[in-house]
Amino acid sequence: MARLFDGNKLVIASHNKGKVREIGELLAPYGVETISAGDLGLPEPVEDGLTFIANAEIKALAAAKAAGIPALADDSGLEVNALGGEPGIYSARWAGPSKDFTVAMAAVNEKMGDAEDRGANFTCALTLAWPDGHMESFEGKVFGDLVWPMRGEKGFGYDPVFVPTGHKVTFAEMEPADKHAMSHRADAFKQLINACFRTT
Ligand code: IMP
């Protein structure tokens, strides 16, 4: 049995504004007050795990211990079939020091060349950690195809090149609520809520 979250305040262990916004939106219905690690001035730990879950656990644990209240971390990325799963856990790093995702999307497109398989998935690991070191982790995915050129202004990261299976528009062309209904983050979130939140 997973440990239940029975507090009313949670640290979002991320310095990425796009993720903090999406996690805040996904948590809104549960009446949980959120504060980001960035707002608390917490340092960013070194993400040297080799999986999405390992990196989410590093971030959640560091923030929970530093803040003294439970913390939720997201580690996520884009896995491209034709690139053997790259950029994967290195998705943020492909944007370079300026964190410019037009650079990262162009690099993915160039490396894919004219590969026939345009398939990719976003994966999201979510870890809820408590200051005593206990952790609960979940992983969600959404599958789709990559398009070029980029389309849309909404969302963040690689959203302008990702069209989820069965749809015609990219995540960056969709309303946030539509992305939240099907995204890798929403998938992991459902698992987290079912396991760790009282929903009645
Ligand atoms: P990290 O988890 O902070 O290492 O960074 C993950 C990176 O993956 C983000 O900076 C984004 O570029 C990308 N990513 C994760 N989730 C999404 C998403 O929902 N849309 C677009 N890009 C995403």
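Preceding this section is the structure that the text describes.
Everything numeric here is computed off the predicted structure, so don't read it as measured data. (Residues numbered from 1 in each chain as written. Predicted model: local features only at pLDDT ≥ 70, side-chain atom pairs only at ≥ 80, totals over all residues. Heavy atoms only, no water.)

Draft legend 1. Region of interest: the site of the ligand. Around the ligand, the surrounding shell holds 19 residues, and the nearest of these are Lys19, Ser76, Phe101, Asp159 and Lys179. Its free accessible area being 490 Å², the ligand has 95% of it covered by the protein chains. In this structure, the ligand is accommodated by the largest pocket. Elements represented by at least two residues in the shell around the ligand include exactly strand S3 (71–80) and helix H5 (184–196). For the shell around the ligand, the residue count by class is five nonpolar, six polar and eight charged. (Near = heavy atom within 4 Å. Areas by Shrake-Rupley, 256 points an atom, 1.4 Å probe, with all protein chains shown as cover. 1 Å grid on protein atoms, 1.4 Å probe; cavity = no way out; pocket = protein on both sides within 12 Å on 5 of 7 lines; lining within 4 Å. Sits in = over half its atoms within 2 Å of the grid points. Helix = DSSP H or I, 4+ residues; strand = E, 2+ residues; numbered from the N terminus. Nonpolar A, V, L, I, M, F, W, Y, C, P; charged D, E, K, R; others polar.)

Draft legend 2. Looking closely at the nonpolar core. Counting residues in hydrophobic clusters, the biggest one holds 19 residues, and the most contacted among them are Leu72, Leu128, Phe189, Leu192 and Phe197. Of all the secondary structure elements, the ones that give two or more residues to this core are strand S1 (9–12), helix H1 (17–27), strand S4 (119–129) and H5. The element contributing the most residues to this core is H5, with five residues. Once residues within four sequence positions are removed from consideration, Leu72 is found in contact with Leu10, Val11, Ile12, Ala13, Ile23, Leu27, Leu126, Thr127, Leu128, Phe189 and Leu192. Counting residues in each nonpolar core, the second largest holds 18 residues, with Val108, Met112, Val161 and Phe162 among its members. (Core = buried A, V, L, I, M, F, W, Y, C linked by side-chain atoms within 4.5 Å. Buried < 20%, exposed > 50% of the residue type's maximum accessible area, 1.4 Å probe, protein only. Contact = heavy atoms within 4.5 Å.)

Draft legend 3. Main features of the pairing of strand S2 (residues 33–36). Inspection of the sheet shows S1 paired to S2 by four bridges, in the parallel sense. Across the sheet, Ile12 pairs through a bridge with Ser36, a residue of S2. This β-α-β element, S1 to H1 to S2, shows right-handed connectivity. (Pairing = 2+ DSSP bridges. Right-handed = clockwise from strand over helix to strand, strands pointing away.)

Draft legend 4. Focus on the state of the cysteines. One pass over the full model with this rule turns up zero disulfides. Free of any disulfide, Cys196 has its nearest cysteine sulfur in Cys124, 14 Å distant. (Disulfide = S-S within 2.5 Å.)

Draft legend 5. Geometry of the layout of surface pockets. Computed from the structure, the largest pocket encloses a volume of approximately 890 Å³. Lining the largest pocket are 35 residues, with Asn16, Lys19, Glu47, Lys59 and Ala92 sitting closest to its centre. If one sorts the elements of the lining of the largest pocket by residue count, S3 sits on top with five residues. The residue inventory of the lining of the largest pocket, partitioned by class, reads 15 nonpolar, nine polar and eleven charged. (Points joined across faces, edges and corners; volume = space filled by probe spheres on them.)

Draft legend 6. Empty space enclosed by the protein, seen in detail. Throughout the structure, instances matching the rule amount to one cavity of 30 Å³ or more. Taken together, Met105, Val108, Asn109, Met112, Arg118, Leu146, Val147, Trp148 and Val161 make up the lining of the largest cavity. If one sorts the elements of the lining of the largest cavity by residue count, helix H3 (residues 101–112) sits on top with four residues.

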